[in-house]
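# Descriptive analysis of the structure
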Number of protein chains: 2
Amino acid sequence: MTTISFIGLGTMGAPMALNLLRSGFDVVGYNRSPARVAKFVAAGGRGALSVAEAVTDSDVVITMLPDSPDVTSVYTGPDGVIANTRPGSLLIDMSTIRPDVARAVADTAAGRGLRFLDAPVSGGEQGAKDGSLAIMVGSSEADFAAALPVLSEVGATIVHVGRVGSGQTVKAANQLIVAGTIQLVAEALTFLRAHGVEVEKALEVIGGGLAGSAVLRSKGPSMRARDFTPGFRVSLHHKDLGIFNDAAREAGVVAPLAANVSYLVGALKAQGCGHLDHSALLLLVEQLSGIDAREVGTETTGVMNS
Amino acid sequence: MTTISFIGLGTMGAPMALNLLRSGFDVVGYNRSPARVAKFVAAGGRGALSVAEAVTDSDVVITMLPDSPDVTSVYTGPDGVIANTRPGSLLIDMSTIRPDVARAVADTAAGRGLRFLDAPVSGGEQGAKDGSLAIMVGSSEADFAAALPVLSEVGATIVHVGRVGSGQTVKAANQLIVAGTIQLVAEALTFLRAHGVEVEKALEVIGGGLAGSAVLRSKGPSMRARDFTPGFRVSLHHKDLGIFNDAAREAGVVAPLAANVSYLVGALKAQGCGHLDHSALLLLVEQLSGIDAREVGTETTGVMNS
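Only a predicted model underlies this, so the values are computations on that prediction, with no experimental measurement involved. (Residues numbered from 1 in each chain as written. Chains lettered and ligands numbered in written order. Predicted model: local features only at pLDDT ≥ 70, side-chain atom pairs only at ≥ 80, totals over all residues. Heavy atoms only, no water.)

### Considering the relation of the copies chain A and chain B
For the match of chain A to chain B, the screw axis carries a shift of 0.0 Å, the RMSD comes to 0.0 Å, and the turn is 180°. Overall, the copies show the geometry of a two-fold rotation axis. When each C-alpha of chain A is compared by its distance to the rotation axis, S213 of chain A comes out closest, at 2.0 Å. A share of 100% of the interface residues of chain A reappears at the interface of chain B, consistent with the copies meeting face to face through the same patch. (Least-squares fit on C-alpha atoms with pLDDT ≥ 70 in both. Contact = heavy atoms within 4.5 Å.)

Encoded structure:
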């Protein structure tokens, strides 16, 4: 029986670990806060008190962590994954981190005969619960094939996009397009309202043509209703755009809209809106335009600090 | 029998006028260049030698012209539509122009007992041929109802979005989202290529999630193939973004991505690429990033001047 160590039982990690458990894998869960481990044990999983204990007997290690430094710290060092896993093990990082950090960890792992894949996801908490995530995998062909039986229990679309680090590169590009499209919709929405147009009908006709997008479809109604309950938090998107811009600079790619939308997301976070859904970019456009939310005639769920 | 004057038999206007003809309307066509009128007459329509002659006996006047000054000049003045049409006639401008110009023409028309609607379209040349255009109408409810039997012969989705000028406002917002999304896809594509990712697979997985859009679906493959045959020309999109930015300034709306993508489209036009499809924004991102198109390993259809 394949034993999987699952490190990082947060909003995304916990439901993913449960899906693996339900699929019949032997799953050992670890999280920095013991309460999350206890919850996983109560649901039928095994628990561990440290990273080293979690990975000692595993065939596959999966990590789902907030940011690049967390991944580096969990994988490297004497108490980390790499020092304590059996040679030949498959290490799958599903966090969204910097591609260069993914490659550095992969190099360290290779030095101890371990196989590392970067496999960030899209689809959010609901996708994690449903097992319907899209997974972008960077690895060798052989490692991808080895990981597929595990990944297919947590995701529905699993695509091998290139060598190690490529999964993170694709995820970064994905996050640019999402943030940029939200900002475009926020600007269009503010513009339409300011001109007294019937916004619902306008978005309907716009959405049916070349301007149509998943953002307009899934975020348009909540943006019109000014509901900024996450969803995906501004603070996480801020981190992801930093990854895009750093990786773009590294490759010599000049991306003007990426720079622009980054500073807008940064401003939103700086003003205390990091906890809101990323569609709260609408609030920033209104603020820049001197529009009082009350004038729009609807309540706002989760306001800017004022 | 309803007589329709159709002024502006260009790429969009000609197939629209033909569709009205096929639907059984009596259609009088006029265009500045007589060759286009002759072509319309050869196809079974009636022709006129001037705007005044074209509109004298009509119930409905439709205009499909390149820009705001063209609309002003065709409608106003002693030889224009307004001075020469029978009171009570319905005037429908389907050009993409400034909302304030649409309102000014409407005011002049109202002074002579004429009803004016702005009804810009999306869907391009193919939509014009198929009669499948989306039409955004700004007018009173009564005028919208009066125009519907005519509009439904040239479009499939016909939406009343508000008072006169609102159609243009919605079209401007539409054009912002389209240009912005193309630019985001161009930046993402350049980023993915620079990092050596498998681009086709990457776009597939990106397109299936929150980053998915009609632009990615319909322009992604031709952008990957570097085919910039229009489609919709950079020079027209440049005009449309000018309309958005002017109307945004007028309403006090601050739209950072609109400003940003406008200058990018402006640069593309300034460098002699006005005749290419708007997806040629990819060329500008490559140029800014110092990427030689030859390094990408594919031919480019329609190159920048160099």
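Having seen the structure, we can now continue with the description.
### Quick notes on the UniProt feature "active site" (unreviewed entry) in chain A
Residue and element names in this part refer to chain A. Within this structure's numbering, the places UniProt gives as "active site" (unreviewed entry) are K171. Relative to the helices and strands, K171 resides in helix 9 (residues 166-194). Ignoring anything within four residues of it in the chain, the contact list for K171 reads T96, P120, V121 and M136. (UniProt positions renumbered as here; feature names shortened; annotations may be inferred. Helix = DSSP H or I, 4+ residues; strand = E, 2+ residues; numbered from the N terminus.)

### Considerations on the confidence of the model for chain A
Per-residue confidence for chain A gives a mean pLDDT of 95, with 95% of residues at or over 70. We note a pTM of 0.94 for the whole complex and an ipTM of 0.94 for its interfaces. (pLDDT = per-residue confidence, 0-100.)

### Some remarks on the packing of helix 9 of chain A against helix 12 (residues 234-251) of chain B
As a packed pair, helix 9 of chain A and helix 12 of chain B sit with axes 10 Å apart at the nearest point and diverge in direction by 60°. With respect to helix 12 of chain B, the element helix 9 of chain A is oriented oblique. Between helix 9 of chain A and helix 12 of chain B lies a crossing whose hand is left-handed. Of helix 12 of chain B, the residues touching helix 9 of chain A (which contributes E187, F191 and A194 of chain A) are F244, A247, A248 and A251 of chain B. (Axes fitted to C-alpha atoms, helices over the stretch in contact; angles between N-to-C directions. Parallel < 35°, antiparallel > 145°, perpendicular 65-115°, else oblique. Left-handed = near helix turned anticlockwise from the far one by under 90°.)

### Re the interface of chain A and chain B
Listed as interface residues are 63 residues of chain A and, on the opposing side, 64 residues of chain B. At the boundary of chain A with chain B, total buried surface from both sides reaches about 5,400 Å², with 73% on carbon and sulfur atoms. Per-residue buried area on chain A facing chain B is highest for F191, L210 and L257 of chain A; these three make up 14% of the total on that side. Joining chain A to chain B, the criterion identifies zero salt bridges. Those elements that place two or more of their residues in the side of chain A that touches chain B are strand 8 (133-138), strand 9 (155-162), helix 9, helix 10 (199-207), helix 11 (214-224), helix 12 (234-251), helix 13 (256-273) and helix 14 (281-288) of chain A. Per element, the largest residue contribution to the side of chain A that touches chain B is 20 residues, and it comes from helix 9 of chain A. Looking at the side of chain A that touches chain B residue by residue, the classes come out as 39 nonpolar, 17 polar and seven charged. (Buried area = accessible area lost by both parts, 1.4 Å probe. Salt bridge = Lys/Arg side-chain N within 4 Å of Asp/Glu carboxyl O. Nonpolar A, V, L, I, M, F, W, Y, C, P; charged D, E, K, R; others polar.)

### Points about unusual backbone geometry
Residues and elements named next belong to chain A. In this model, P230 is joined to G231 through a cis peptide bond whose omega is 0°. As for its placement among the helices and strands, G231 is situated in the loop between helix 11 and helix 12. The backbone of R226 shows a phi angle near 55°, a positive value even though the residue is not glycine. Tracing the chain through its elements places R226 in the loop between helix 11 and helix 12.

### So, the nonpolar core
By size, the foremost hydrophobic cluster in this structure holds 104 residues, and its most contacted members are V170 and L192 of chain A together with V170 and L192 of chain B. Ignoring sequence-local partners within four residues, the contact set of V170 of chain B consists of L192, V197, A202, V205 and I206 of chain A together with M136 and V161 of chain B. Core analysis: the second largest hydrophobic core is formed by 31 residues, L21, L90, L117 and I135 of chain B among them. (Core = buried A, V, L, I, M, F, W, Y, C linked by side-chain atoms within 4.5 Å. Buried < 20%, exposed > 50% of the residue type's maximum accessible area, 1.4 Å probe, protein only.)

### With respect to the UniProt feature "domain: 6-phosphogluconate dehydrogenase NADP-binding" (unreviewed entry) in chain A
Taking the UniProt record as the reference, the feature "domain: 6-phosphogluconate dehydrogenase NADP-binding" (unreviewed entry) is found at residues 3-162 of chain A. In residues 3-162 of chain A, helix accounts for 41% and strand for 25%; the two terminal C-alpha atoms are 27 Å from one another.

### Digging into helix 13 (residues 256-273) of chain B
If you check helix 13 of chain B, its first and last C-alpha atoms are 24 Å apart, about what 18 residues at 1.5 Å a residue would give, namely 26 Å. Those residues of helix 13 of chain B that fall on the buried side of the exposure criterion are P256, L257, A258, N260, V261, S262, L264, V265, G266, L268 and C273 of chain B. Taken together, the buried residues of helix 13 of chain B touch helix 9, helix 13 and helix 14 of chain A together with helix 9 (166-194), helix 12 and helix 14 (281-288) of chain B. (Expected span 1.5 Å × (residues − 1).)

### Some details on the domain arrangement of chain A
Residues and elements named next belong to chain A. Splitting chain A by domain gives domain 1 (3-163) and domain 2 (169-295). For domain 1 and domain 2, the distance between their C-alpha centres works out to 30 Å. Every contact between the two is made by 13 residues of domain 1 and, on the other side, ten residues of domain 2. Of the roughly 970 Å² buried at the junction of domain 1 and domain 2 (both faces included), carbon and sulfur atoms supply 61%. Seen at the junction of domain 1 and domain 2, the total is two salt bridges. Residue E250 is joined to R103 by a salt bridge in which the shortest nitrogen-to-oxygen separation is 3.2 Å. Applying the counting rule to domain 1 against domain 2 returns six residue pairs in polar contact (both at pLDDT 80 or more). When residues in the side of domain 1 that touches domain 2 are grouped by element, the largest group, three residues, is from helix 6 (residues 99-110). Residues of the side of domain 1 that touches domain 2, tallied by class, amount to seven nonpolar, two polar and four charged. (Domains from an automatic or database assignment. Polar contact = N/O pair within 3.5 Å; in protein donor to acceptor, adjacent residues only side chain to side chain.)

### Notes on the packing of aromatic side chains
Residues and elements named next belong to chain A. Scanning the model with the defined rule gives four aromatic pairs over all chains in all. Taking 5.4 Å as the distance between ring centres and 75° as the angle between the ring planes, the aromatic pair formed by Y75 and F116 counts as edge-to-face. In this pair, Y75 is assigned in helix 4 (residues 68-75) and F116 in strand 6 (residues 115-118), connecting sequence segments 41 residues apart. An identical accessibility class is assigned to Y75 and F116; each is buried. (Phe/Tyr/Trp six-rings, centres within 6.5 Å; stacked < 30°, edge-to-face > 60°.)

### Notes on the pairing of strand 2 (residues 26-30) of chain B
Residues and elements named next belong to chain B. By the criterion of burial, strand 2 is predominantly enclosed, with five of the five residues buried. A two-sided burial pattern is seen for strand 2, the buried positions comprising D26, V28 and Y30 on one face and V27 and G29 on the other. Relative to strand 2, strand 1 (residues 3-7) is paired through five bridges, and the arrangement is parallel. Pairing of I7 across the sheet is with Y30, part of strand 2. Remark: the strand 1/helix 1 (residues 13-22)/strand 2 crossover connection has right-handed handedness. Relative to strand 3 (residues 46-47), strand 2 is paired through two bridges, and the arrangement is parallel. In the strand pairing of strand 3, V28 is matched with R46. (Pairing = 2+ DSSP bridges. Right-handed = clockwise from strand over helix to strand, strands pointing away.)

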